[in-house]
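Reading the structure
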Amino acid sequence: MGGICKKILGMGIMLSLLISLTGCQEKTSSYSHTDFAMGTVTNVTLYGTGNDLEQTEEKIIKEVKEIEEKQISWRIEDSQIARLNKTLAQKDQAVIKEPLKGWLMDALELSRDSMADGRNAVDPSIGKLTQLWDFESENPKVPDADKIKDTVKGTLPESSEHITIRKKNGEILTCETGTKFDLGAFGKGIGTDEATKLLKKEENISGAMVALGGSILVYGEKPDGSDWNVGVQSPSGKDGKVLGSLKVKGDTFISTSGDYEKYFVDKKTGKKYFHILDSKTGYPVETDITSCTIICDSGINSDGLSTACFTLGVEKSRELLKKYNAKAIFVDKKKNVYVSEGLDFTLQDDDYKISE
């Protein structure tokens, strides 16, 4: 009898302690803020406990802006990539330091894996061409045809095979003299990768969605434990019009590339030119794809793959997607939508149709 009483008493103490601990748990709150970084609108939504969610959002945006300004923007003279390009204008090698070294190595690996039709489908070493077009300038226009021809036929490589990074009294990058790097096809993915690292240090954050233009990170869990719901933009609609909704688990990276993102229409000819360039022709790539969304476990890979697979198209992208354990949503110019097996995607735009 005494044993039974002790068990009941023990259970009562445990129950009281559980109620007490539950009562002490902080309530999960949320914070969302829109800003501007890396040349695009950003939005950060955070879920967590405590009263410093706003400070965490500020840390994320500050980190993203510093990546652009101090590391990867070729427009800013004192950034590491601008200094690298300046050195390579006169020499065939230069010292390269972290974190740029690691990002560039990852970008070059994906670039080489994307080799098809005699050129890389995405390539960080075609900065001469991307800078010639400069789609992010205030008044972009078609460069002089002779300048495009000279750029393509000059030192611009058809692949990044000529680039090596080795260790010799520091990290040394070796390539052809005159090579210019541009991480524009990887930059926003890099930003979401670095946001993940920061979020992991914030113990009070239980879930987050970080959107840097067309690159999105979903982190952790929503307060109700349900899947994250991400809208995929419709290629033919205005900003904000949704093609469909994608349900994903936390710690997933999503990037979209399309011919509607950065483009201009030539005033004389009425022809549309968009920012994904072909290193063989010097002009925007010719493809039947109008939008490609990549879903995988890495920001830099999701961003780079979205450009590569946009260029390659549905069939030629299959092996590349398989190698990087990535899934995709393609939209072609005939308004067909191709969705990788296993994705939870719901089409919402009646102008499009799902195809096998």
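Described below are features of the structure shown in this document. Being a predicted model, the structure only gives us computed values, none of them experimental.

1. Here's the deal with the packing of aromatic side chains
Taken as a whole and judged by the stated rule, the model has 8 aromatic pairs. Between W133 and F264, the ring centres sit 6.4 Å apart and the planes meet at 35 degrees, which makes this aromatic pair tilted. One end of the pair, W133, is in helix α5 (residues 127-133); the other, F264, is in strand β13 (residues 263-265), and 131 residues separate them in sequence. By the burial criterion, W133 is buried, and F264 matches it. Across from the ring centre of Y263, 4.6 Å away, lies the NZ or CZ of K272, which sits over that ring. Over the ring of Y352 we find K335; its NZ or CZ atom is 5.6 Å from the centre of that ring.

2. Brief notes about the pattern of salt bridges
The tally for this structure, following the rule as stated, stands at 17 salt bridges. Ionic pairing is found between R75 and D134, a salt bridge with its closest N-O pair at 2.3 Å. Of the two residues, R75 is situated in the loop between α2 (53-72) and α3 (80-88) and D134 in the loop between α5 and α6 (145-153); the sequence distance between them amounts to 59 residues. What you see here is one network of salt bridges that share partners, running through R75, D134, E136 and K262.

3. Points about the side chain of R119
Within the secondary structure, R119 sits in strand β5 (residues 119-120). A distance of 3.2 Å separates a polar atom in the side chain of R119 from a polar atom in the side chain of D278.

4. What to know about the nonpolar core
One finds L84, L173, L183, L199 and I294 to be the most contacted residues of the largest nonpolar core, which totals 62 residues. Among the elements that line this core, the one with the most residues is helix α8 (residues 299-316), at 7 residues. If near-sequence neighbours (up to four positions away) are discounted, I294 is found in contact with F253, I254, S255, S302, L305, S306, C309, L321, A326, K327 and A328.

5. So, the sheet that holds strand β11 (residues 242-248)
Strands sit in the order β10-β11-β18 across an open sheet of 3 strands; the sheet is antiparallel. The open sheet is flanked by β10 (228-233) and β18 (344-347), the only strands paired with a single partner. Going across the sheet, the axis of each strand differs from the next one's by a mean of 25 degrees, ignoring polarity. As paired strands, β10 and β11 are joined by 6 bridges and run antiparallel to one another. In the strand pairing of β11, N229 is matched with K247.

6. Here we look at helix α7 (residues 187-201)
With 15 residues, α7 ought to run about 21 Å at 1.5 Å a step, and its terminal C-alpha atoms sit 22 Å apart, in line with that. The buried fraction of α7 amounts to 12 of the 15 residues, a majority that puts the element mostly inside the structure. Along α7, the residues that are buried comprise G187, K188, G189, I190, G191, T192, D193, E194, A195, T196, L198 and L199.

7. Brief notes about the pairing of β11
Across the 7 residues of β11, 5 count as buried, placing the element largely inside the fold. Bridge count for β11 against β18 is 4 bridges, and the pairing is antiparallel. Looking at the pairing, K247 lines up with D344 of β18.

8. Re unusual backbone geometry
Cis peptide bonds are those with omega within 30 degrees of zero, and the linkage from E98 to P99 qualifies with 0 degrees. With respect to the helices and strands, P99 occurs in the loop between β3 (93-95) and α4 (100-113). Even without being glycine, D134 reaches a positive phi, approximately 45 degrees. Judged by relative accessible area, which is 19%, D134 ranks as buried.

The rules behind the values
Residues numbered from 1 in each chain as written. Predicted model: local features only at pLDDT ≥ 70, side-chain atom pairs only at ≥ 80, totals over all residues. Heavy atoms only, no water. Phe/Tyr/Trp six-rings, centres within 6.5 Å; stacked < 30°, edge-to-face > 60°. Helix = DSSP H or I, 4+ residues; strand = E, 2+ residues; numbered from the N terminus. Buried < 20%, exposed > 50% of the residue type's maximum accessible area, 1.4 Å probe, protein only. Lys NZ or Arg CZ within 6 Å of the ring centre and 35° of its normal. Salt bridge = Lys/Arg side-chain N within 4 Å of Asp/Glu carboxyl O. Polar contact = N/O pair within 3.5 Å; in protein donor to acceptor, adjacent residues only side chain to side chain. Core = buried A, V, L, I, M, F, W, Y, C linked by side-chain atoms within 4.5 Å. Contact = heavy atoms within 4.5 Å. Pairing = 2+ DSSP bridges. Axes fitted to C-alpha atoms, helices over the stretch in contact; angles between N-to-C directions. Expected span 1.5 Å × (residues − 1).

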